[in-house]
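Secondary and tertiary structure notes
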Amino acid sequence: MLRRRKAPSRKISAALLVRRDSAAVVLVLVGLLAPWQSHAQGCPPSCACSLPPVDVKCKDGQVLDIFTRMKPDLVTLTLDSITSLQRLDAARMSDMHTNGTTLIEMTIVSCSVKDIGAEAFHKFPNLEYLDLSQNEVTTINPSAFSSLGHLLYLNLSHNQLSRLDGIFTPLGQLRSLDLNTNFLKELSANVFSTQNSLTSLRLDRNPLRSLSGDSFKGLNKLKELRARDCSLVQVDPDVFHSMVLLSLIDLGHNRLSSLPSPDALSKLMYLKVIYLDNNEIQVIPEKSFPETHLQTLDLSYNRISKIDASALVAASIRTVDLSFNLILKIEEGTLKPLAGELENLNLAGNPLRHLLPGTFSDLKQMRILNLSGCSLLEVRFDAFNSLTELKELDLSQNTLHYLPEDLFSVLNVLKKLYLQSNQWVCDCKIKYLRDWLTKASSLEKLSCTSSSQQDCQQFHCVAPTLPNVQISELKDTDLLVCQQASSSALPASTQGAIVASCMGFAIVLLIISIYIWRREKTGHQLKKMCTTSEAESSHVIDEDSKVPPLPNCDRNSLTHSDHNFVFRHYFDHLVTDPEEMDTTEDEEVPEAEPLKQKDSLYSSQPSLYSNHSDAAYGMESTV
């Protein structure tokens, strides 16, 4: 009886199919990797080569070895920190053994290139991307880029260029030009006149000091102009005359003292963003941004202390950054022209202290408001009532003691709230904040700059009787005691500081008063001692008309009082009769009382001499 052969099981068939498919995949991979293996074997030293289209990246190698072993089908080439490449010229670039017409992108960075010679890139007419940044390029031959008619992107940043005359003339298709961090002190007229397709120009970190309209003629399609950190003190109104398609202007980190001309800005109908941060602007005058479609205005880190009531009339701005200025107050209605557009307002770092009623009225589109570091002492219950779309509020780093009860209706609809670094006074008024912090939904809203979420949710008391206690842990009995004991709106620390200041001021006043009293007393005594009496004033001799008795006398050897006595009264007391001088030692010397009395009229020390003869002798010896 013949036995029927069993058919192979389905499991075995599936295994055979898998094995057959795996073999096919291996064959396909081997076929694909064969060109790669052959190409990898011929990759220049110090380089990494990828699959076609060929991408070669070389670092820290010798230029001769790299250029002579280059494959002809090169598309992208990157040379990083390659030695012996200080000069790029036609001869050097011809050493590259490759078909130059296939090369689309070339990057030569950090290679200490100092000079770019004539027709240096003539072998690569189809080059679209050229990056020569982070070198030491000081000079570029005017014909260096003569064959690059298809170049779209040119990066010459972080070099040492001081002049640009004529080097961009052949680049009529250029879209992006990066010249930041060079030594450019001025831009010659018509330097970009042939760049009719240029859309992005970067001039950051060049010591330009001023921008003139003649330098930007021909840039009819420019959309982004960046001249950041250029020590600019002046921007001529005609700079933007030919750049009617501008959408971004970055003039931050300069020394500008005023905003760009409103007339010039009004002609830029596509303008969206202006960066004027870190300048020296003090005032935002009336109608500064008329009839523009501006979306972002950055005026942070200036010296702005005044915003004209009509400064933002006819403007439609969505994001305004006025942080870290000197704004003391914002008048009611100043922001009202932006009511239909303003979504993000940053006032951080301004010494506002108080929010005037109506500051944010009618700003129904406001979504983000930053009031951190504004020295706010309190927040009115109706400060944010009109901000119906507010989602993020920053009140951190202020001096808030409590939050009013009615304010929490606004806080409940927020998605983010910043409250850290305030001076919470845990008296009866803190009860509303404590109750709000006990809710899980409230804790989810709290945010801060700290990486720890726990730091964002913990708020400590600073006064009056419960320092360093978390507000959320306060009990009703603590608040009741605080309510009965607290009779002042100021915390104990603040009151102590005021008392100490007053005492110090009183002590200073007392010291000054004692000093003035002693000075007045001393001055009075000196005045009394130095004032001449009536008898002396009657014998005053005119010093201009008096002839000195002894012209050859050395007056420097006399004191001031001796000088007055001797030269004024010498002849009044001199004994001229010889008989009177002929006295013996046994004779009694007459009393000199009259002389003493007369001396007292002319000297502050009346007992200089004891008798008549001694006076005469003393005067003669002195003379």
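Since we're looking at a predicted model, the values are computed, not measured.

Side note on the state of the cysteines
Overall, the coordinates contain 3 disulfides when judged by the stated rule. Across the disulfide from Cys43 sits Cys49; the S-S distance is 1.9 Å. Here the disulfide of Cys43 and Cys49 is right-handed, its torsion about the S-S bond being about 80 degrees. The pair formed by Cys43 and Cys49 is uniform in burial state, with each residue classed as buried. In this model, Cys47 is linked to Cys58 through a disulfide, with the two sulfur atoms separated by 1.9 Å. Between Cys47 and Cys58 the sulfur-sulfur dihedral comes to about 105 degrees; the bridge is accordingly right-handed. In this pair, Cys47 is assigned in strand S1 (residues 47-49) and Cys58 in strand S2 (residues 54-59), connecting sequence segments 11 residues apart. Across the pair, Cys58 and Cys47 agree in class, each one buried.

Examining the side chain of Asp204
Along the chain, Asp204 turns up in the loop between strand S11 (200-202) and strand S12 (210-211). The class of Asp204 is buried, set by a relative accessible area of 2%. Among the polar contacts listed, one links the side chain of Asp204 to the backbone nitrogen of Arg228, at a separation of 2.8 Å. In contact with Asp204, not counting residues within four places along its chain, are Leu179, Asn180, Thr181, Arg226, Ala227, Arg228 and Cys230.

Let's talk about the sheet that holds strand S8 (residues 139-140)
With respect to topology, 3 strands assemble into an open sheet ordered S4-S6-S8, the strand pairing being parallel. Looking at which strands have only one partner, the edges of the open sheet turn out to be strand S4 (87-88) and S8. Alignment of strand S6 (residues 115-116) against S8, held across 2 bridges, turns out to be parallel. Looking at the pairing, Asp115 lines up with Thr139 of S8.

Quick look at the side chain of Asp131
Structurally, the position occupied by Asp131 is in strand S7 (residues 129-131). Polar contacts involving the side chain of Asp131 include one to the side chain of Asn155, which spans 3.5 Å. Discounting residues that sit within four places of it in the chain, Asp131 has contacts with Met106, Thr107, Ile108, Val109 and Asn155.

Notes on the nonpolar core
Side chains that are nonpolar tend, in soluble globular proteins, to be buried together. Core analysis: the largest hydrophobic core is formed by 135 residues, its most contacted members being Phe121, Phe360, Leu371 and Phe384. Elements supplying a minimum of two residues to this core: S1, S2, helix H2 (63-68), strand S3 (74-80), strand S5 (105-109), helix H4 (262-266), helix H5 (408-411) and helix H6 (431-437). With sequence-adjacent residues up to four places away left out, Phe384 is seen in contact with Leu355, Phe360, Leu369, Leu371, Val379, Leu393, Leu395, Leu407 and Val410.

Concerning the pairing of S2
Burial along S2 is one-sided: the face carrying Val54, Val56 and Cys58 is buried and the face carrying Asp55, Lys57 and Lys59 is not. Both S1 and S2 contribute to a ladder of 3 bridges, which runs antiparallel. When the bridges of S2 are listed, Cys49 appears paired with Val56. Sheet topology places S2 next to S3; 6 bridges connect them, and they run parallel. Each residue of the ladder has a partner; that of Lys59, found in S3, is Asp80. Crossover handedness for the path S2 to H2 to S3: right-handed.

Observations regarding the confidence of the model for the protein
Overall, the prediction assigns the protein a mean pLDDT of 80, with 73% of residues at 70 or greater. Contacts for the low-pLDDT stretch residues 483-489, under 50 throughout, to residues beyond four places or in other chains number 3 contacts. Note on residues 582-623: pLDDT under 50 across the span, and 42 contacts to partners over four residues away in sequence or across chains.

Here we look at the pairing of S5
Of all 5 residues that make up S5, 4 are buried, and the element is covered over most of its length. Two elements, S3 and S5, share 5 bridges in a ladder whose sense is parallel. Its bridge partner being in S5, Leu77 is matched across the sheet by Met106. In terms of strand pairing, S5 meets S7 through 3 bridges, oriented parallel. Paired with Glu105 across the bridge in S7 is Tyr129.

Quick notes on the pattern of salt bridges
Applying the stated criterion across every chain yields a total of 18 salt bridges. Among the ionic pairs, Lys217 bridges to Asp214, the shortest N-O distance being 3.5 Å. Judged by relative accessible area, which is 40%, Lys217 ranks as partly exposed. With a shortest N-O distance of 2.8 Å, Asp476 and Arg434 are connected by a salt bridge. On the criterion of sequence distance, the pair formed by Asp476 in helix H9 (residues 476-485) and Arg434 in helix H6 is long-range, its members being 42 residues apart. Relative accessible area serves as the criterion here: at 45%, Asp476 is assigned to the partly exposed category. A network of salt bridges, in which partner residues are shared, links Lys431, Arg434, Asp435 and Asp476.

Structural notes on empty space enclosed by the protein
All told, the structure shown has 3 cavities of 30 Å³ or more when counted by the stated rule. Of the voids in this model, the largest cavity is the one considered here, and its volume is about 50 Å³. Lining the largest cavity we find Ile284, Leu297, Leu299, Ile307, Leu312, Val320, Leu322 and Leu335. Classifying every residue of the lining of the largest cavity by side-chain character gives 8 nonpolar, no polar and no charged. Reported here for the second largest cavity is a volume of approximately 40 Å³. Residues that form the lining of the second largest cavity fall into these classes: 6 nonpolar, 2 polar and 1 charged.

Regarding a nonpolar patch on the surface
Where nonpolar side chains cluster on the molecular surface, the patch consists of Phe505, Val508, Leu509, Ile512, Tyr515 and Ile516 and spans about 590 Å² of accessible area. Mapping Phe505 onto the fold places it in helix H10 (residues 492-530). For Phe505, a relative accessible area of 53% corresponds to the exposed category.

Calculation criteria
- Residues numbered from 1 in each chain as written.
- Predicted model: local features only at pLDDT ≥ 70, side-chain atom pairs only at ≥ 80, totals over all residues.
- Heavy atoms only, no water.
- Disulfide = S-S within 2.5 Å.
- Buried < 20%, exposed > 50% of the residue type's maximum accessible area, 1.4 Å probe, protein only.
- Helix = DSSP H or I, 4+ residues; strand = E, 2+ residues; numbered from the N terminus.
- Polar contact = N/O pair within 3.5 Å; in protein donor to acceptor, adjacent residues only side chain to side chain.
- Contact = heavy atoms within 4.5 Å.
- Pairing = 2+ DSSP bridges.
- Core = buried A, V, L, I, M, F, W, Y, C linked by side-chain atoms within 4.5 Å.
- Right-handed = clockwise from strand over helix to strand, strands pointing away.
- pLDDT = per-residue confidence, 0-100.
- Salt bridge = Lys/Arg side-chain N within 4 Å of Asp/Glu carboxyl O.
- 1 Å grid on protein atoms, 1.4 Å probe; cavity = no way out; pocket = protein on both sides within 12 Å on 5 of 7 lines; lining within 4 Å.
- Points joined across faces, edges and corners; volume = space filled by probe spheres on them.
- Nonpolar A, V, L, I, M, F, W, Y, C, P; charged D, E, K, R; others polar.
- Patch = residues over 30% accessible without salt bridge, like charges linked within 9 Å, V, L, I, M, F, W, Y side chains within 5 Å.
- Areas by Shrake-Rupley, 256 points an atom, 1.4 Å probe, with all protein chains shown as cover.

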